[in-house]
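# Notes for the structure review
So the chains spell out like this:
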Amino acid sequence: MATGRTDPRRRERILAAALDLIAEEGVAGVSHRRIAARAGVPLGSMTYHFTGIDELLLEAFTGYADHVVTVFAHHLSGAGTPEEAREAVTDLIHTLSEGPRRDLILVQELYTLAARREPYRALCARWMRRSRALLELHFSPDTARRLDALIEGLTLHRALDDTPADRELTREAVRRITSAD
């Protein structure tokens, strides 16, 4: 592993360590010291790369939102017909809800920050616009907005329910919301 300023991946390791700690301890459990230890970098690297914990957290969550948008794009890009787009949304919901518990926690931690602080609210608004733009490749803007909310809600419900709804219920929910298109 490279050390000092010649370590081109140091910043990325810090951001990844921040997300890992948030997933394990919540935002309240992160500190420069804990992130630096987790990333295997000197504590001074934190202030070299970031002006403060807020900048670090915002950048880490921005990277996470970019990742989720990539997942959206991956699922929706292959759809050529309305029916394929509906099935892609169904697959997306199941992929997100059956994914790592870490992702569910990160989303909820981000939403909690967004409820309290403007920079995170703005990040979530950009994320929603990007997600809806991908949905609008296949559906009207109004339907895309409804689908985006359905994706968030069903993902959360499926992830937290002891007996999550099956694929057919998800497919039917998507069909009902998209039936006007």
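Scroll up for the structure.
These notes cover the structure that comes with them. These numbers were taken from a predicted model, which means no experiment stands behind them.

### Points about the layout of surface pockets
- Of the voids in this model, the largest pocket is the one considered here, and its volume is about 270 Å³.
- Lining the largest pocket are 18 residues, and of these Tyr64, Leu96, Asp103, Val107 and Thr155 lie nearest its centre.

### As for the nonpolar core
- By size, the foremost hydrophobic cluster in this structure holds 52 residues, and its most contacted members are Ile35, Phe61 and Val89.
- Elements represented by at least two residues in this core include exactly helix 1 (10-25), helix 2 (32-39), helix 4 (53-77), helix 5 (82-97), helix 6 (101-116), helix 7 (118-135), helix 8 (141-160) and helix 9 (167-178).
- Residue contributions to this core peak at eleven residues, all from helix 4.
- Among all residues touching Phe61, those that are not within four sequence positions of it are Leu19, Ile22, Val27, Leu106, Glu109, Leu110, Leu113, Tyr120 and Leu123.

### Some words on helix 6
- Compared with an ideal rise of 1.5 Å per residue, which puts 16 residues at 22 Å, helix 6 spans 23 Å between its outermost C-alpha atoms and is within 8% of the ideal.
- Along helix 6, the positions that sit buried rather than exposed are Leu104, Leu106, Val107, Leu110, Leu113 and Ala114.
- Of the surrounding elements, those touching the buried residues of helix 6 are helix 1, helix 4, helix 7 and helix 8.

### Focus on the packing of aromatic side chains
- Taken as a whole and assessed by the stated rule, the structure comprises three aromatic pairs.
- Note on Phe61 and Tyr120: the rings are 6.4 Å apart at their centroids and 90° apart in plane angle, and the pair reads as edge-to-face. On the criterion of sequence distance, the pair formed by Phe61 in helix 4 and Tyr120 in helix 7 is long-range, its members being 59 residues apart. By the burial criterion, Phe61 is buried, and Tyr120 matches it.
- Geometrically, the ring pair formed by Tyr64 and Trp127 is edge-to-face, given 6.4 Å between the ring centres and 90° between the ring planes. Separated by 63 residues along the polypeptide, Tyr64 in helix 4 and Trp127 in helix 7 bring together distant segments of the chain. Each of the two residues, Tyr64 as well as Trp127, counts as buried.
- Here the aromatic residues Tyr64, Tyr111 and Trp127 are joined through ring pairs into a cluster of three or more.

### Details of the environment of Leu123
- Along the polypeptide, Leu123 turns up in helix 7.
- Between the C-alpha atoms of Leu123 and Leu110, which are 13 residues apart in sequence, the distance is 9.2 Å.
- Leaving out residues up to four positions away in the same chain, Leu123 has contacts with Leu58, Phe61, Thr62, Ala65 and Leu110.

### Digging into the packing of helix 5 against helix 8
- Closest axis-to-axis distance for the helix 5/helix 8 pair is 8 Å, and the angle between their directions is 40°. The angle between helix 5 and helix 8 falls in the class oblique. When you trace helix 5 past helix 8, the crossing you get is right-handed. For the pair formed by helix 5 and helix 8, the contact residues are Val89, Leu92, Ile93, His94, Leu96 and Ser97 on the first element and Leu147, Leu150, Ile151, Leu154, Thr155, Arg158 and Ala159 on the second.
- For the contact of helix 5 with helix 8, the residue count by class is nine nonpolar, three polar and one charged.

Conventions we followed
- Residues numbered from 1 in each chain as written.
- Predicted model: local features only at pLDDT ≥ 70, side-chain atom pairs only at ≥ 80, totals over all residues.
- Heavy atoms only, no water.
- 1 Å grid on protein atoms, 1.4 Å probe; cavity = no way out; pocket = protein on both sides within 12 Å on 5 of 7 lines; lining within 4 Å.
- Points joined across faces, edges and corners; volume = space filled by probe spheres on them.
- Core = buried A, V, L, I, M, F, W, Y, C linked by side-chain atoms within 4.5 Å.
- Buried < 20%, exposed > 50% of the residue type's maximum accessible area, 1.4 Å probe, protein only.
- Helix = DSSP H or I, 4+ residues; strand = E, 2+ residues; numbered from the N terminus.
- Contact = heavy atoms within 4.5 Å.
- Expected span 1.5 Å × (residues − 1).
- Phe/Tyr/Trp six-rings, centres within 6.5 Å; stacked < 30°, edge-to-face > 60°.
- Axes fitted to C-alpha atoms, helices over the stretch in contact; angles between N-to-C directions.
- Parallel < 35°, antiparallel > 145°, perpendicular 65-115°, else oblique.
- Left-handed = near helix turned anticlockwise from the far one by under 90°.
- Nonpolar A, V, L, I, M, F, W, Y, C, P; charged D, E, K, R; others polar.

On their own, these measurements won't tell you what the molecule is for.
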